[in-house]
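Breakdown of the fold
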Amino acid sequence: MKLDTKEYEGRMKKTIEVYKDNLSTIRAGRASTAVVSKITVDYYGVPTAITQMAEVKVTDPKTLAIQPWDASTLKSIEKAILVSDIGINPQNDGKVIRMVFPQLTEERRRDLKKNIAKQSEEAKVAIRNIRRDANDKSKAMKKNSEMTEDEQKQSDKAIQDLTDKFIKEIDTITAAKEKEIMEI
């Protein structure tokens, strides 16, 4: 009986999706609604995403406009943006919050590259942990005589091939994001 690699492949795909989602929140000099997608505001005692309580739209390549459906939440949205670590000061005109994305400085580009490298490494570690879980399971199955030594080696090789594939995908995604940052 061979190890079912589909479960581990699914977990690795999920790790890639989370990594892509995390990278989408890194601003790269262009206005993007993804920048505020993870910021939450205390709305009547419930942490609520800005995107669920306001219209968030890109008005031009450098400007993001946030117009809350409930005008009383304007100050709390502005406060949440200030507290978050996106490095952009919101401008509140009483009806709409505007966020103007400045040109990236060389220092900011280096910081963003470091942040991307850190997140890339975290994603790779998560992939390797999944590989370890799969290998531990195949060893346990071998020990319990549920699979032969050859089947264990085949399972370990299949998991290693998956690991290599997903690590390579992380490298590709990372390189694309770094290129995007350097071109702006």
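Shown above is the structure to which this text applies.
What this report covers is the structure whose coordinates are included nearby. (Residues numbered from 1 in each chain as written. Predicted model: local features only at pLDDT ≥ 70, side-chain atom pairs only at ≥ 80, totals over all residues. Heavy atoms only, no water.)

Its place among the elements puts Gln152 in helix 5 (residues 149-183). If near-sequence neighbours (up to four positions away) are discounted, Gln152 is found in contact with Ser138, Lys139, Lys142 and Met147. (Helix = DSSP H or I, 4+ residues; strand = E, 2+ residues; numbered from the N terminus. Contact = heavy atoms within 4.5 Å.)

Sheet strands pair via backbone hydrogen bonds, and the direction of the pair is either parallel or antiparallel. Pairing in this open sheet of four strands is antiparallel, and the strands run 3-4-6-5 from one edge to the other. Every interior strand has two partners, whereas the edge strands, strand 3 (54-60) and strand 5 (91-92), have only one. Its contacts with the sheet put helix 3 (residues 74-83) on strand 3, strand 4 (63-68), strand 5 and strand 6 (97-100), and the angle it makes with strand 6 is roughly 25°. (Pairing = 2+ DSSP bridges. Axes fitted to C-alpha atoms, helices over the stretch in contact; angles between N-to-C directions.)

Right, let's get into the pairing of strand 4. Of all six residues that make up strand 4, five are buried, and the element is covered over most of its length. Where strand 3 meets strand 4, six bridges bridge the pair, whose relative direction is antiparallel. Bridge pairing in strand 4 links Val56 to Ile66. Counting the residues that bridge the hairpin from strand 3 to strand 4 gives two residues. Judged from the four bridges that link them, strand 4 and strand 6 form a sheet pairing that is antiparallel. Looking at the pairing, Thr63 lines up with Val100 of strand 6. (Buried < 20%, exposed > 50% of the residue type's maximum accessible area, 1.4 Å probe, protein only.)

Quick reminder: α-helices carry 3.6 residues per turn. Residues three or four places apart thus point the same way. Looking at helix 3, one finds that the buried residues are Leu74, Ile77, Glu78, Ala80 and Ile81. One side of helix 3 carries all its buried residues, which in axial view fall inside an arc of 160°. Opposite the buried face of helix 3, by more than 90 degrees, sit the exposed residues Lys75, Lys79 and Val83. The inward-facing, buried residues of helix 3 contact strand 1 (40-43), helix 2 (50-53), strand 3, strand 4, strand 5 and strand 6. (Arc of directions from axis to C-beta.)

Among the secondary structure elements, Ser155 is positioned in helix 5. Using a relative accessible area of 0% as the deciding quantity, one classes Ser155 as buried. Those residues within four positions of Ser155 in sequence are excluded, and the remaining contacts are Lys2, Leu3, Ser138 and Met147.

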